[in-house]
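Residue-level listing of the chains:
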Amino acid sequence: MQETWRWFGPQDQVSLSDVTQAGASGIVTALHHIPPGVIWPLSEITERRDYIAENSVRSQRPLKWSVVESLPVSEDIKRQTGSWREHVEHYKTSLENIALAGIEVICYNFMPLLDWTRTDLSHEVDTGATCMRFDLVDFIMFDVFILKRHGASEGHDDELVTEAHHRFQSTNETYKKRLVDNIVCGLPGAAEHFSLDDIKEQLAIYAAFDHDQLARNQTDFLEEVAPVAQTLGLRLCCHPDDPPVPLLGLPRIMSTEADYERLIEAVDIPANGITLCSGSLGARSDNDLPGMMDRLGDRVHFLHLRNVRREHDGVFGSFHESEHLSGDVDMPSLVAAILREENRRKSAGRADHSIPFRPDHGQDILDDLTRKAQPGYPAIGRLKGLAELRGLIDGLSYESGR
């Protein structure tokens, strides 16, 4: 398993020097300043690639840009509106340029409008660490009583709507504003300027979409770009919905094993693959992550390893992001399944037998609490997670080799 690290570019509060000290060998990053639908120029890709290498030269093992996360899919492509065909052609050109730069793995998602959703970006746990949290009652309060989305209450449990109403009446405006800011933070490029009216306007565009329509549009997109990726020797991998349920009336199409089976069958070539994110998928209690790895592992091209603590008894509800080995995701069983897949690939002579993974998210601990890095991406919290995962991988590898 190749150790990688998410890095948001030169402005990231976690430096490449920090990454080198953590011991990771690969960088996961993107050209975040280029809007969706616009071609990634080869010159900018190679400039970022070379920057990563040149700023880790003191290491005996210079860092390498291993995974693009992400090459974003525009909302026009997802909806098949406006300039979507032009955007698909631009996506193909970007893939060609990424291949020329020597990068082989491209993570993307097909979540409409929302990249991810949390209601609290600094929830304090009993150790004093902070983490990201999704509180379902808070989210319903936002959806029904702050955003006032038409028909919102009909999509939620009546008892939870009542609880959300009581909370709305009892909380102050500061709490409500922070809740709005936290949710808007998951809107691509929207944190600085999206108003509630802007969100309503964007949601209205998706009003006629359901799961099947969005899935068809994804298949149309993959039928165009996956063969190009295959020819170029690239591996595309779709990230799951985060959280893995419909939100704000928007359809979600990458939330379960059945969704990923559909994805693979739609364009059945090796380049069309999966980003298995244990935290996103693990927020649902009915997702069998070790089983998914055993059954679909042939197409898993990238791994996000993190854990969540589910705060509910049903399939889905509130959750917070826990330490990497102490949540409701059975991380030892999942990693054992990953190692089995890697052994199968190695026996088959596959060049991609070592699957890149990154310690996804992490709790803010120690100096993280004052550094204020990207939400979910602290230096020390992820270093702790990487160390825990490294120990687990080494221990399981030793046991299997005895």
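Throughout what follows, the structure given in this document is the object of discussion. Note that the structure is a prediction, hence the values are computed from the model and not measured.

## Focus: the overall build of the protein
- Each helix and strand in the protein was counted, giving 15 helices and 12 strands.
- With the principal axes as the frame, the protein shows a C-alpha extent of 60 × 50 × 40 Å.
- For the protein, with 402 residues in total, the buried portion stands at 56%.
- Taking all contacts inside the protein whose residues are at least 6 apart in sequence as the whole, residues at least 24 apart take part in 71%.
- Of the charged side chains in the protein, 41 are positive and 64 negative, and the gap between their average positions amounts to 3 Å.

## Some thoughts on helix α13 (residues 331–348)
- With 18 residues, α13 extends 26 Å from end C-alpha to end C-alpha; this agrees with the ideal 26 Å at 1.5 Å per step.
- Residues of α13 that are buried: Met 331, Leu 334, Val 335, Ala 337, Ile 338, Leu 339, Glu 341, Glu 342 and Arg 345.

## Some thoughts on the nonpolar core
- Core analysis: the largest hydrophobic core is formed by 106 residues, its most contacted members being Trp 40, Tyr 108, Phe 221, Leu 303 and Leu 305.
- Filtering out sequence-adjacent residues up to four positions away, Leu 305 remains in contact with Met 1, Ser 278, His 324, Met 331, Leu 334, Val 335, Ile 338, Phe 357, Arg 358, Pro 359, Asp 360 and Leu 389.
- Residues Val 28, Val 105, Cys 107 and Cys 237 belong to the second largest nonpolar core, which totals 6 residues.

## Re the pattern of salt bridges
- Applying the stated criterion across every chain yields a total of 37 salt bridges.
- Note that Asp 242 and Arg 118 form a salt bridge whose closest N and O atoms lie 3.0 Å from each other. One end of the pair, Asp 242, is in the loop between β7 (235–239) and α10 (257–266); the other, Arg 118, is in the loop between β4 (105–109) and β5 (120–124), and 124 residues separate them in sequence. Side by side, Asp 242 and Arg 118 carry an identical accessibility label, which is buried.
- Taking the shortest distance from any N to any O, the salt bridge between Asp 138 and Arg 167 comes out at 2.9 Å. You can see Asp 138 sitting in helix α5 (residues 136–146) and its partner Arg 167 sitting in helix α6 (residues 158–170), a full 29 residues away along the chain.
- Judged by its relative accessible area of 5%, Asp 138 falls in the buried class.
- Salt bridges sharing common partners tie together Arg 6, Glu 69, Arg 118, Asp 242, Arg 306, Glu 321, Arg 358 and Asp 360.

## Side note on the environment of Lys 384
- Structurally, the position occupied by Lys 384 is in helix α15 (residues 379–401).
- A C-alpha to C-alpha distance of 30 Å links Lys 384 and Phe 110, two positions 274 residues apart in sequence.
- The residues contacting Lys 384, other than those within four sequence positions of it, are Glu 323 and Ile 365.
- Of note is the side chain of Lys 384, whose polar atom sits 2.7 Å from the side chain of Glu 323.

## Focus on helix α4 (residues 84–100)
- For α4, spanning 17 residues, the distance from its first C-alpha to its last is 24 Å, which sits close to the expected 24 Å at 1.5 Å a residue.
- By the burial criterion, the buried members of α4 are Trp 84, His 87, Val 88, Tyr 91, Lys 92, Ser 94, Leu 95, Asn 97 and Ile 98.
- Two residues or fewer after α4 comes Gly 102, characterised by a positive phi angle close to 85 degrees.

## A closer look at the pairing of strand β2 (residues 26–29)
- Alternating positions in β2 separate into two faces, Gly 26 and Val 28 on one and Ile 27 and Thr 29 on the other, with burial throughout.
- After leaving strand β1 (residues 2–6), the chain enters helix α1 (residues 16–22) and then returns to the sheet as β2, a path that is right-handed.
- For β2 and strand β3 (residues 64–69), the ladder comprises 4 bridges, and the chain directions are parallel. Looking across to β3, one finds that Val 28 is bridged to Val 67.

## A short note on unusual backbone geometry
- Residue Glu 69 is joined to Ser 70 through a cis peptide bond whose omega torsion reads -5 degrees.
- The linkage connecting Asp 242 with the following residue, Pro 243, adopts the cis geometry, with an omega of 0 degrees.
- Relative to the helices and strands, Pro 243 is located in the loop between β7 and α10.
- Here Gln 80, not a glycine, exhibits a phi torsion of approximately 55 degrees, which is positive.
- Relative to the helices and strands, Gln 80 is located in the loop between α3 (75–79) and α4.
- For Gln 80, a relative accessible area of 26% corresponds to the partly exposed category.

## Looking at the sheet that holds β5
- One open sheet accounts for 4 strands, arranged β5-β6-β11-β10; its pairing is antiparallel. The open sheet is flanked by β5 and β10 (307–310), the only strands paired with a single partner. Averaged over all pairs of adjacent strands, the angle between their axes in this sheet comes to 40 degrees, without regard to strand direction.
- As judged from the 4 bridges shared by β10 and strand β11 (residues 319–322), these two strands associate in the antiparallel manner. Its bridge partner lying in β11, Asn 307 is registered against Ser 322.

## Remarks on the packing of helix α9 (residues 211–232) against α10
- Where α9 meets α10, the axes come as close as 10 Å, and the angle between the chain directions of the two elements is 35 degrees. For the element pair α9 and α10, the recorded crossing hand is right-handed. Contact residues: His 211, Ala 215, Gln 218, Thr 219 and Leu 222 in α9; Asp 259, Arg 262, Leu 263 and Ala 266 in α10.
- Taken together, the residues that form the contact of α9 with α10 break down as 4 nonpolar, 3 polar and 2 charged.

## Some words on the packing of aromatic side chains
- Counted according to the given criterion, the structure contains 12 aromatic pairs.
- Here the aromatic rings of Phe 134 and Phe 319 are separated by 5.7 Å at their centres, their planes lie at 15 degrees, and the arrangement is stacked. In this pair, Phe 134 sits in strand β6 (residues 130–134) while Phe 319 sits in strand β11, placing the two residues 185 residues apart along the sequence.
- Exposure remark for Phe 134: the relative accessible area of 0% places this residue in the buried category.
- A cation over an aromatic ring shows up here: Lys 176 above the ring of Phe 168, its NZ or CZ 3.9 Å from the ring centre.

Calculation notes
- Residues numbered from 1 in each chain as written.
- Predicted model: local features only at pLDDT ≥ 70, side-chain atom pairs only at ≥ 80, totals over all residues.
- Heavy atoms only, no water.
- Helix = DSSP H or I, 4+ residues; strand = E, 2+ residues; numbered from the N terminus.
- Buried < 20%, exposed > 50% of the residue type's maximum accessible area, 1.4 Å probe, protein only.
- Contact = heavy atoms within 4.5 Å.
- Lys, Arg positive; Asp, Glu negative; His and termini not counted.
- Charge placed at Lys NZ, Arg CZ, Asp CG, Glu CD.
- Expected span 1.5 Å × (residues − 1).
- Core = buried A, V, L, I, M, F, W, Y, C linked by side-chain atoms within 4.5 Å.
- Salt bridge = Lys/Arg side-chain N within 4 Å of Asp/Glu carboxyl O.
- Polar contact = N/O pair within 3.5 Å; in protein donor to acceptor, adjacent residues only side chain to side chain.
- Right-handed = clockwise from strand over helix to strand, strands pointing away.
- Pairing = 2+ DSSP bridges.
- Axes fitted to C-alpha atoms, helices over the stretch in contact; angles between N-to-C directions.
- Left-handed = near helix turned anticlockwise from the far one by under 90°.
- Nonpolar A, V, L, I, M, F, W, Y, C, P; charged D, E, K, R; others polar.
- Phe/Tyr/Trp six-rings, centres within 6.5 Å; stacked < 30°, edge-to-face > 60°.
- Lys NZ or Arg CZ within 6 Å of the ring centre and 35° of its normal.

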